[in-house]
Each structure stands twice: as structure tokens, then as C-alpha cells.
Amino acid sequence: MESFLVDIKHIKYKPSIISSACIYIVMKFFKKKKYQESYDNKFYSLITDENAKYTEHDVKDCAKDICLFVDNISKTKFLSCQKKYAKPELEKVSIIIMNN
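Report follows, based on the coordinates. (Residues numbered from 1 in each chain as written. Predicted model: local features only at pLDDT ≥ 70, side-chain atom pairs only at ≥ 80, totals over all residues. Heavy atoms only, no water.)

### Regarding the overall build of the protein chain
Looking only at helices and strands, one finds five helices and zero strands in the protein chain. Secondary structure of the protein chain in N-to-C order comes out as α-α-α-α-α. Counting all 100 residues of the protein chain, 24% fall into the buried class. In the protein chain, the proportion of contacts linking residues at least 24 apart, taken out of those at least 6 apart, comes to 56%. Counting every atom, the protein chain has about 7500 Å² of accessible surface; 56% of that belongs to carbon and sulfur. (Helix = DSSP H or I, 4+ residues; strand = E, 2+ residues; numbered from the N terminus. Buried < 20%, exposed > 50% of the residue type's maximum accessible area, 1.4 Å probe, protein only. Contact = heavy atoms within 4.5 Å. Areas by Shrake-Rupley, 256 points an atom, 1.4 Å probe, with all protein chains shown as cover.)

Given below as C-alpha cells:
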């Protein structure tokens, strides 16, 4: 998310949509029932509440762009964040392969 935020091509997304899209990606990636039960209502209220500023479609579009960005990050100039999160003290999360 950190690299995605600094890429000028993604300025069209508000930070709240990006964070919601990241939650959506994590829920889909881990497919943990208890995890989803904990967060589904909170997440979906962000996009289904009558006062919501954006729709589920907006969040899914952003999530798609995040996944495309992550898949192609090695071709970008945003490798510093990838190196940062590859450290053992940060659980090497940047080297997790997302084949799901």
C-alpha cells in the first residue's frame, strides 16, 4: 500500500478507498472464516451504508489496481518499500507470492 500511495497514477483514489481495498484483498487472500466474520460487517458498512461516499464497485476497482501494481512492482521505481518489507523483523511480507 505504501508504494501504491506514492505512485502518481493512483492519485484518483482517496486514501479511504485504498485502505478499504486493502482490507478487501486481505479478506480474499486469507479466506479465513473467523477473520471474515470479524471484519465483514465493518467493511461492508463502509460501502453499503446509506451515507457511504463510495460503492463496492469503487473498492473492487481499486483492489484490482493494487493487485496489478503489486504483480508488476519489480518493473517500477518503487522498490524501496519492497526492500523495507522484505526484512525479517517485518515478517518478509513483501516477498509473499499472491497466486490466489
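### Some remarks on the pattern of salt bridges
Counted according to the given criterion, the structure contains three salt bridges. In this structure, Asp7 and Lys9 form a salt bridge, with 3.9 Å as the shortest nitrogen-oxygen distance. Assessed through its relative accessible area of 6%, Asp7 is described here as buried. Its salt-bridge partner being Lys12, residue Asp65 comes within 3.7 Å of it at the nearest N-O pair. Placement of the pair is Asp65 in helix α4 (residues 56-71) and Lys12 in the loop between α1 (2-6) and α2 (15-30), with a sequence separation of 53 residues. (Salt bridge = Lys/Arg side-chain N within 4 Å of Asp/Glu carboxyl O.)

### A short note on a nonpolar patch on the surface
A cluster of nonpolar side chains, contributed by Met1, Leu5 and Val6, occupies part of the molecular surface with about 300 Å² of accessible area. Summarising the element assignment, Met1 is placed in the segment before α1. (Patch = residues over 30% accessible without salt bridge, like charges linked within 9 Å, V, L, I, M, F, W, Y side chains within 5 Å.)

### Looking at the packing of aromatic side chains
Under the defined criterion, the tally for this structure stands at two aromatic pairs. With centroids separated by 5.7 Å and ring planes inclined at 80°, the aromatic side chains of Phe4 and Phe69 adopt a geometry described as edge-to-face. Residue Phe4 is found in helix α1, and its partner Phe69 is found in helix α4; the two are separated by 65 residues along the sequence. Residue Phe4 is classed as buried on the basis of its relative accessible area, which comes to 1%. (Phe/Tyr/Trp six-rings, centres within 6.5 Å; stacked < 30°, edge-to-face > 60°.)

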